[in-house]
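Architecture and fold: a report
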Amino acid sequence: GGKLSLSQRAKSPESSSLDEDDEEEVILQDGDWRDFRAKLVMNEKKSFGSPSAPPSGNNGPRSFTKTGSVEDEKFIVDDGDLDGIGSLFRNEFVEEIAPSTSSRTDPDLAGMTPLDPSQWAYDSGDVIEQGAVILGGVEQQFGFGLRQQYFHKAAILVLDHSDKFTKGIILNRPSDLTLEDDINPGVKWRISFGGDVEGLHSRHPDIVCLHSLKNEKAVKASISVMKDIMWTTFDNAKKLVKSGVAQVSDFWVFVGYAGWAPGQLKGELKRNSWYMVAADSGTLLKELGRQSEGSDPRDGGLDTWTLLMNMIGRSETAKEFSGGFDDLMLKEWAFTNLLSTEAGGGAGRQQRDPDEFSTNPELVEQLLSLLESRTEPP
């Protein structure tokens, strides 16, 4: 395995400015403690079962059945997995990447990101931490069909978590809207809807730029979220492009974020509003890359949610709640808010300058309410 080391980095965009030269840092080398934990989870799952088929050599996958549950769940362990992590998802999902185990092609997986043995994801219960993914739940009593449709089947990456506040950005709400660049003439940045706080209709939007750049200048200007995924400000991203060490295509730009006050997310987890997921960075980067290739904003990012639900063993739930009222309402919201008028939608002009954003009274009210909930208890 790789060597783990600590990373000392400020937790605010201001302290990660390109203009600073004296930041002390130790870069994470060739490893990720989350990978190590995933391996432990995989081994724990193996310990509850026995092989359902003999190993097929060092390079063949072995199937283990988890017993002691109402419904047996099969997991594949690939002996050729170089990082030793393995993939944690149901057998039918692995059949797409291990043709030797089956020649069947599941039509429900059409259009999904192809998986490989180094990808993993598992349901992490109620563990909230930086780098986790919050999936929109579908089993709660009241869904998001009638209000806040953008949270329906959302995949939210947690950027920061403490006992005072939790901040995340929605990964699967791409748009065809673009931001203009004031320091790189002619350059446009395609944006995604990151959340309803300081978002698309805010006069001063919060803009987060995810990337996986390795060069020193980019790393110094960024804050690590997890292995191979960092974020920086829009100003820093523009400067990196200006300096020639990055291209616009190296970034995924999110406007707005989702925020939770102390204890709020825990309570929502108890009400089945969300599923907490631990996933490898490769899976998330592949999904972001797929969205960058021209995914239709009107789809509402449902494919990403379905992929992750399958990977954590909730494929039956995903199928049961597919194509219903809440899905249709999400797509209607996406058509109105993520698709430009040039493309037939209702989201306004494609080219927008942050200074021209108008303030939506409803979002202002939500923000004020959130700020009040952030106050520390006496």
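**Some remarks on helix H7 (residues 302–311)**
- Counted residue by residue, H7 has 8 buried out of 10 residues, so it is predominantly covered.
- Positioned one or two residues after H7, Gly313 has a phi angle of 85°, which is positive.

**A look at the packing of aromatic side chains**
- Counted under the stated rule, the structure contains 12 aromatic pairs.
- Between the aromatic rings of Tyr150 and Phe151, the centroid separation amounts to 4.9 Å while the plane-to-plane angle is 65°, which identifies the pairing as edge-to-face.
- Judged by its relative accessible area of 7%, Phe151 is buried.
- With centroids separated by 5.6 Å and ring planes inclined at 85°, the aromatic side chains of Phe151 and Trp274 adopt a geometry described as edge-to-face. Of this pair, Phe151 sits in the loop between strand S5 (133–136) and strand S6 (155–161) while Trp274 sits in strand S15 (residues 274–279); the two residues are 123 residues apart in sequence, bridging distant segments of the chain.

**Remarks on the environment of Ala343**
- Assignment of secondary structure puts Ala343 in the loop between helix H9 (325–337) and strand S16 (351–352).
- The exposure class of Ala343 is partly exposed, given its relative accessible area of 40%.

**Remarks on the nonpolar core**
- Residues Ile134, Phe151, Ile156, Trp189, Phe251 and Trp274 are the most contacted members of the largest nonpolar core, which totals 40 residues.
- Among the elements that take part in this core, helix H4 (residues 234–243) stands out by supplying 4 residues, more than any other.
- Beyond its immediate stretch of four places on either side in the chain, Trp189 contacts Leu177, Thr178, Leu179, Asp181, Phe234, Ala237, Lys238, Val241, Val248, Phe251 and Val253.
- Trp231, Trp252, Phe254 and Met309 belong to the second largest nonpolar core, which has 34 residues in total.

**Let's talk about the pattern of salt bridges**
- Considering all chains together, one arrives at 10 salt bridges under this definition.
- As a salt-bridge pair, Arg314 and Glu139 come within 3.6 Å of each other at their nearest N and O atoms. Here Arg314 is found in the loop between H7 and helix H8 (315–320), whereas its partner Glu139 is found in the loop between S5 and S6, with 175 residues between them in sequence.
- Residue classification places Glu139 among the partly exposed positions, given a relative accessible area of 39%.
- The salt bridge involving Arg290 is made with Glu287; its shortest N-O contact spans 2.8 Å. With Arg290 and Glu287 both in helix H6 (residues 281–292) and 3 residues apart, this pair spans about one turn of that helix.
- Arg290 sits in the partly exposed class, given a relative accessible area of 23%.
- Ionic contacts of the salt-bridge type, sharing partners, join the residues Asp123, Glu139 and Arg314 into one network.

**A look at empty space enclosed by the protein**
- Counted by the stated rule, this structure contains 1 cavity of 30 Å³ or more.
- The computed volume of the largest cavity comes to approximately 40 Å³.
- Every residue lining the largest cavity is listed: Leu171, Leu284, Glu287, Leu288, Gln291 and Thr304.
- Grouping the amino acids of the lining of the largest cavity by side-chain chemistry returns 3 nonpolar, 2 polar and 1 charged.

**Re the environment of Gln247**
- Within the element layout of this structure, Gln247 appears in the loop between H4 and strand S13 (252–255).
- When its relative accessible area of 52% is taken as the criterion, Gln247 is described as exposed.
- Placed 10 residues apart in sequence, Gln247 and Ala237 show a C-alpha to C-alpha distance of 8.9 Å.

**Some remarks on the pairing of strand S11 (residues 223–226)**
- Taken together, the 3 bridges between S11 and strand S12 (residues 229–233) define a ladder with antiparallel strand orientation. Each bridged residue has a counterpart across the sheet, and for Met226 the counterpart in S12 is Ile229.
- Adjacent in sequence and paired antiparallel, S11 and S12 are bridged by 2 residues, among which Asp228 carries a positive phi angle near 75°.

**Remarks on the sheet that holds S5**
- Pairing in this open sheet of 6 strands is antiparallel, and the strands run S4-S15-S5-S6-S7-S14 from one edge to the other. Since the sheet does not close on itself, it has two edges, and those belong to strand S4 (121–123) and strand S14 (258–260), each with one partner. Looking at each pair of strands side by side, their axes are set apart by 35° on average, direction ignored.
- Sheet topology note: the S4/S15 ladder contains 3 bridges and is antiparallel.

**Here we look at the side chain of Ser175**
- Position of Ser175 relative to the elements: it lies in strand S8 (residues 174–180).
- A polar contact of 3.1 Å, which involves the side chain of Ser175, links it to the backbone nitrogen of Leu177.
- Within the local environment of Ser175, its side chain forms a polar contact with the backbone oxygen of Ile191, the two atoms lying 2.7 Å apart.
- Every residue in contact with Ser175, bar those within four places of it in the chain, is listed here: Arg190, Ile191, Ser192, Pro297 and Leu338.

**Observations regarding the confidence of the model for the protein chain**
- When the pLDDT values of the protein chain are averaged, the result is 75; 62% of them are 70 or greater.
- Of the regions scoring below 50 in pLDDT, residues 20–30 engages in 31 contacts with residues more than four places distant in sequence or in other chains.
- Segment residues 351–360: pLDDT under 50, and 29 contacts once partners within four positions in sequence are set aside and those in other chains are kept.

**Some words on H6**
- The end-to-end C-alpha separation of H6 is 16 Å, in line with the 16 Å expected for 12 residues at 1.5 Å each.
- Taken as a whole, H6 has its buried residues at Ser281, Thr283, Leu284, Glu287, Leu288 and Gln291. Along H6, the residues classed as buried sweep out an arc of 165° about the axis, all on the same side.
- If you check the start of H6, you find a side-chain oxygen 3.1 Å away from the backbone N of Gly282, and it comes from Asp280.
- Note on H6: the residue one or two positions beyond its end, Gly294, has a positive phi of about 115°.

Definitions and cut-offs
- Here the residue index of a chain counts from 1 through its sequence in written order.
- The model is predicted, so local features are restricted to residues of pLDDT at least 70 and side-chain atom pairs to those at 80 or more, both for listing and for counting; the totals for chains, interfaces and linings are taken over all residues.
- The basis for every side-chain value is the complete set of heavy atoms in the structure, and neither hydrogens nor water enter the calculation.
- Here the term buried applies to any residue with accessible area under 20% of the maximum for its type, exposed to any over 50%, and partly exposed to those in between, with areas from a 1.4 Å probe on protein chains only.
- Runs of H or I in DSSP of at least four residues are treated as helices and runs of E of at least two as strands, each being numbered from the N terminus.
- Under the pairing criterion, centres of Phe, Tyr and Trp rings, with the six-membered ring standing for Trp, must be within 6.5 Å; the plane angle then separates stacked pairs below 30 degrees from edge-to-face pairs above 60, leaving the rest tilted.
- Residues belong to one nonpolar core when they are buried, are Ala, Val, Leu, Ile, Met, Phe, Trp, Tyr or Cys, and are joined through side-chain atoms within 4.5 Å.
- Throughout, a residue-residue contact means that at least one pair of heavy atoms, one from each residue, lies within 4.5 Å.
- Criterion for a salt bridge: a side-chain nitrogen of Lys or Arg within 4 Å of a carboxyl oxygen of Asp or Glu.
- The method works on a 1 Å grid over the protein atoms by themselves. A cavity is a set of points holding a 1.4 Å probe that cannot get out, a pocket is an open set with protein on both sides within 12 Å along at least five of seven lines, and residues with an atom within 4 Å of a point line them.
- Grid points are joined across faces, edges and corners, and a volume is the space filled by probe spheres set on the points.
- For this scheme, ten residues count as nonpolar: Ala, Val, Leu, Ile, Met, Phe, Trp, Tyr, Cys and Pro. Four count as charged, namely Asp, Glu, Lys and Arg, and the remainder, Gly too, count as polar.
- Two strands form a pair only when DSSP identifies at least two bridges running between them.
- Angles shown run from 0 to 180 degrees and are taken between the N-to-C directions of axes, each axis being a line fitted to C-alpha atoms and, for helices, limited to the stretch in contact.
- Residues adjacent in sequence count toward polar contacts only when both atoms are side-chain atoms; beyond that, a polar contact is any pair of N or O atoms within 3.5 Å, and within protein one must be able to donate a hydrogen and the other to accept it.
- Every residue is assigned a pLDDT by the predictor, reflecting its confidence on a scale from 0 to 100.
- One less than the residue count of a helix, multiplied by 1.5 Å, gives the span that helix is expected to have.
- Read the arc as the range of directions from the helix axis to the C-beta atoms.

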